[in-house]
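# Remarks on the overall topology
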Amino acid sequence: MTVPQSETDGADRRPLHERIAADLRDDIMGGELAPGASLPSTARLKDRFDASNATVQKALQLLKEEGLVVGRAGASVTVREHRQRTVSPAALTTADRWLAEAAKHGTRARSVLREVVEVCPPADVRSAFGLPAGGTALLRSQILLIDDEPAELVDCYYPLSIARGTALMERRRIKGGAPALLAELGHPARRSVDRVSARIPTQEQYQALHLTSSTPVLRTLRVVHGDGDGPVEVTVMVKAGHLYELQYEFAMP
């Protein structure tokens, strides 16, 4: 069967304003437009993208809603300060370290505990724990905020064999953090394995992170191993993909 040319030519069929926003978003994320820099004038954007004034304004409005740029009456649209962040996964092993890292950049960061409940985890979490379909684990869910804006969802899962009868089951913050408590319980973290993927946000993620478009989120599945055979913690972290990039550093052989 011959496939129609229209299905194979690779044309970008997104609305023009979304394509314009995507290119400008890439300029911002790549540093071509630095924090505080003015975006090109509407006239220049119209020429660059062969677009109408209304289409350009629609693209800029999308970036404003995402929090990437700021526009004021009578002034140019500028890239928002302290919005894009480069994070090192190795340096952000706990929420407390995440908060401390955010504070280094002059921002106010805090965490809010959403719930502590026994649940049937997602399939990849169950697989990491070796749980059967319908198997349960303890969930400690929190949201991390920067300058009172949602920045990341963090769902930490623990085997019930470890969590039962401990402060992990209590709906409050754990003094010193969960890793310290796990170590006290005889389950110190020895090794962590991350799997990072880009996904379209779920409805819950879209609402909780106050997203305004279907730009991908970065989902990290972190499996923390102790001295035993199975993981002592499995964490699912979700960040808005257009606001973050992950930086990895390793020695070359």
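Computed from a predicted structure; not experimentally measured.

## Notes on the overall build of the chain
Regarding its fold elements, the chain presents eight helices and 10 strands. The buried share among the 253 residues of the chain stands at 43%. For the chain, the proportion of contacts with a sequence separation of at least 24, taken over those separated by at least 6, is 60%. Counting every atom, the chain has about 14100 Å² of accessible surface; 50% of that belongs to carbon and sulfur.

## What to know about the nonpolar core
In this structure, Leu24, Leu39, Leu60, Val69, Val125 and Tyr244 are the most contacted members of the largest nonpolar core, which totals 42 residues. Residue assignment for this core shows that the elements contributing at least two residues are helix H1 (16–29), helix H2 (42–49), helix H3 (53–66), helix H5 (123–129), strand S5 (137–146), strand S6 (149–158), strand S8 (217–225) and strand S9 (231–240). By size, the runner-up hydrophobic cluster in this structure holds 18 residues, among which are Cys156, Ala167, Leu168 and Leu181.

## Regarding the pairing of S9
The element S9 is largely enclosed, with a buried count of 10 among its 10 residues. Strand direction decides the pairing type here: S8 and S9, joined by nine bridges, are antiparallel. Bridge pairing links Val223 to Val234 in S9. Hairpin connection between S8 and S9: a loop of five residues separates the two successive antiparallel strands.

## As for the side chain of Lys239
Within the secondary structure layout, Lys239 lies in strand S9. With a relative accessible area of 5%, Lys239 lands in the buried category. Residues within four places of Lys239 in sequence aside, it is in contact with Val87, Ala151, Glu152, Leu209, Val217, Leu218, Thr220, Tyr244 and Leu246.

## Some words on the sheet that holds S6
The strand order across the open sheet formed by six strands is S4-S5-S6-S9-S8-S7, and the pairing between neighbours is antiparallel. The sheet is open, and its two edges are formed by strand S4 (109–119) and strand S7 (191–199), each paired on a single side. Here the strands of the sheet are splayed against their neighbours by 15° on average, with no regard to which way each runs. With nine bridges connecting them, S5 and S6 associate as antiparallel partners. Bridging from a neighbouring strand, Arg140 pairs with Cys156 of S6.

## Here we look at the packing of H1 against H3
Between H1 and H3, the least distance of the axes is 8 Å, while the angle of their chain directions is 55°. By the angle between their axes, H1 is oblique relative to H3. H3 is crossed by H1, and the crossing has right-handed handedness. Contacts between H1 and H3 involve Leu16, His17, Ile20, Ala21, Leu24 and Arg25 from the former and Thr55, Lys58, Ala59, Leu60, Leu62, Leu63 and Glu66 from the latter. Across the contact of H1 with H3, the residue classes break down as eight nonpolar, two polar and three charged.

## Quick notes on a nonpolar patch on the surface
On the surface, Val196, Tyr248, Phe250 and Met252 cluster together into a nonpolar patch covering about 490 Å² of accessible area. Residue classification places Tyr248 among the partly exposed positions, given a relative accessible area of 48%.

## A few points about the pairing of S8
If a strand is regular, its side chains alternate between the two faces of the sheet. Of all nine residues that make up S8, nine are buried, and the element is covered over most of its length. Burial along S8 is two-sided: Val217, Arg219, Leu221, Val223 and His225 and Leu218, Thr220, Arg222 and Val224, pointing in opposite directions, are all buried. Pairing analysis gives nine bridges linking S7 to S8, with the strands arranged antiparallel. The residue of S8 that forms the bridge with Ser192 is Val224.

## Points about the side chain of Gln205
Among the structural elements, Gln205 can be located in helix H8 (residues 203–208). Of the polar contacts made by the side chain of Gln205, one reaches the backbone nitrogen of Thr202; its length is 3.0 Å.

## Side note on the confidence of the model for the chain
The pLDDT averaged across the chain works out to 87; a share of 88% of its residues lies at or above 70. At the low end of the mean pLDDT range in the chain sits helix H4 (residues 95–104), at 65; at the high end sits H5, at 97.

## Topic: the packing of H1 against H2
Two elements in contact, H1 and H2, have axes whose closest approach is 12 Å; the angle formed by their N-to-C orientations is 110°. In terms of their interaxial angle, H1 and H2 are classed as roughly perpendicular. Facing H1, whose interface residues are Leu16, Ile20, Asp23, Leu24 and Asp27, H2 presents Leu45, Arg48 and Phe49. Among the residues forming the contact of H1 with H2, the class breakdown is five nonpolar, no polar and three charged.

Calculation rules
- Residues numbered from 1 in each chain as written.
- Predicted model: local features only at pLDDT ≥ 70, side-chain atom pairs only at ≥ 80, totals over all residues.
- Heavy atoms only, no water.
- Helix = DSSP H or I, 4+ residues; strand = E, 2+ residues; numbered from the N terminus.
- Buried < 20%, exposed > 50% of the residue type's maximum accessible area, 1.4 Å probe, protein only.
- Contact = heavy atoms within 4.5 Å.
- Areas by Shrake-Rupley, 256 points an atom, 1.4 Å probe, with all protein chains shown as cover.
- Core = buried A, V, L, I, M, F, W, Y, C linked by side-chain atoms within 4.5 Å.
- Pairing = 2+ DSSP bridges.
- Axes fitted to C-alpha atoms, helices over the stretch in contact; angles between N-to-C directions.
- Parallel < 35°, antiparallel > 145°, perpendicular 65-115°, else oblique.
- Left-handed = near helix turned anticlockwise from the far one by under 90°.
- Nonpolar A, V, L, I, M, F, W, Y, C, P; charged D, E, K, R; others polar.
- Patch = residues over 30% accessible without salt bridge, like charges linked within 9 Å, V, L, I, M, F, W, Y side chains within 5 Å.
- Salt bridge = Lys/Arg side-chain N within 4 Å of Asp/Glu carboxyl O.
- Polar contact = N/O pair within 3.5 Å; in protein donor to acceptor, adjacent residues only side chain to side chain.
- pLDDT = per-residue confidence, 0-100.

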